[in-house]
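Structural characterization, general
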Amino acid sequence: MSELHIVNHPLVAHKLSIMRNQKTGSKDFRELLEEISMLMGYELTRDLPLEPVEIETPLARMQASTISGKKLAIVPILRAGLGMVDGLLRLLPVAKVGHIGLYRDPDTHLPVEYYCKLPPDIGERRVILADPMLATGGSAADALTLLKQHGCRKIRFMCLVAAPEGVRRVQSEHPDVDIFTAALDQGLNDHAYIVPGLGDAGDRIFGTL
Ligand code: PRP
Ligand code: URA
């Protein structure tokens, strides 16, 4: 069963509160999203497998540890997921980056796919799917289906703010995918926006309000 991890570190909570404030401008919003993504990436990668490696320090030979096994890929859902990539890449500088373009139809609130470019060996990689907002869950669920069609088997979904509706949707359609979020909010309004949420993440990142 998919697990919901709420990353409730004080630094994450503090930075998210600033992001939620409607007075926070795009520059600060972007920087805070990058910082939180890095902090959350630390939690999300906590159980990456290690393997021993023999190294020589200036004083002695030793058996140290290195990350083993499958390589990683970061896949943001465009547009807003782009704001999480740089923070994750600071932790995982050799990860490949794929892109999935989805937008929510304003009337139906259903996701519409317009772009998909993934590393050719994505099926052999551990994947972090990133999008700040998990609202109805339609975008995340469709992106996860697309990744699985490309052979991905080890996927984690990382967001900033989740609604219970979106969590339920992802967990029922993708029970093998763990969700990492900084906050679980009350629910959705009539326009399928998260309440209290932080508004339209893409617009706040790119200043297109
Ligand atoms: C937002 C957000 C998610 C989606 C969440 O993107 O970044 O992708 O909505 O909603 P859902 O869970 O109900 O599918 P949006 O469609 O506004 O596109 P944008 O990132 O290009 O602004
Ligand atoms: N997309 C957003 O950017 N914000 C929401 O609250 C819901 C969907």
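This is a predicted model, so every value here is computed, not measured.

**Quick look at the site of ligand 2**
Every residue near ligand 2 is listed here: Arg104, Met133, Ala135, Ala192, Tyr193, Ile194, Gly199, Asp200 and Ala201. Within the backbone of Ile194, a nitrogen or oxygen atom sits 2.8 Å from an oxygen atom of ligand 2. Here a nitrogen atom of ligand 2 and a backbone polar atom of Gly199 are 2.8 Å apart. Surface burial for ligand 2 is 88%, taken as the share of its 240 Å² of free accessible area covered by protein chains. The cavity that encloses ligand 2 is the largest pocket. Residues that form the shell around ligand 2 fall into these classes: six nonpolar, one polar and two charged.

**A word on the site of ligand 1**
With respect to spatial proximity, 15 residues lie near ligand 1, and among them Arg104, Asp131, Thr136, Gly137 and Ser139 are the closest. Within the backbone of Arg104, an N or O atom sits 2.7 Å from an oxygen atom of ligand 1. Between ligand 1 and Ser139 there is a distance of 2.6 Å, counted from an oxygen atom to a side-chain nitrogen or oxygen. Here ligand 1 has 500 Å² of accessible area as a free molecule, and 91% of this is covered by the chains. Here ligand 1 is seated within the largest pocket. Those elements that provide at least two residues to the shell around ligand 1 are strand S6 (99-104), strand S9 (133-134) and helix H4 (138-149). Within the shell around ligand 1, the residues separate by chemical class into six nonpolar, five polar and four charged.

**A few points about the packing of H4 against helix H5 (residues 164-173)**
Any two packed helices are characterised by the angle at which their axes cross and by the distance between the axes. Following both chains from N to C, one finds H4 and H5 inclined at 20°, their axes separated by 8 Å at the closest point. Between H4 and H5, the crossing angle belongs to the class labelled roughly parallel. Here H4 and H5 pass one another in a crossing that is right-handed. Contacts between H4 and H5 involve Gly138, Ala140, Ala141, Asp142 and Leu144 from the first element and Arg169, Val170 and Glu173 from the second. Grouping the constituent residues of the contact of H4 with H5 by class yields four nonpolar, one polar and three charged.

Conventions used here
Residues numbered from 1 in each chain as written. Chains lettered and ligands numbered in written order. Predicted model: local features only at pLDDT ≥ 70, side-chain atom pairs only at ≥ 80, totals over all residues. Heavy atoms only, no water. Near = heavy atom within 4 Å. Polar contact = N/O pair within 3.5 Å; in protein donor to acceptor, adjacent residues only side chain to side chain. Areas by Shrake-Rupley, 256 points an atom, 1.4 Å probe, with all protein chains shown as cover. 1 Å grid on protein atoms, 1.4 Å probe; cavity = no way out; pocket = protein on both sides within 12 Å on 5 of 7 lines; lining within 4 Å. Sits in = over half its atoms within 2 Å of the grid points. Nonpolar A, V, L, I, M, F, W, Y, C, P; charged D, E, K, R; others polar. Helix = DSSP H or I, 4+ residues; strand = E, 2+ residues; numbered from the N terminus. Axes fitted to C-alpha atoms, helices over the stretch in contact; angles between N-to-C directions. Parallel < 35°, antiparallel > 145°, perpendicular 65-115°, else oblique. Left-handed = near helix turned anticlockwise from the far one by under 90°. Contact = heavy atoms within 4.5 Å.

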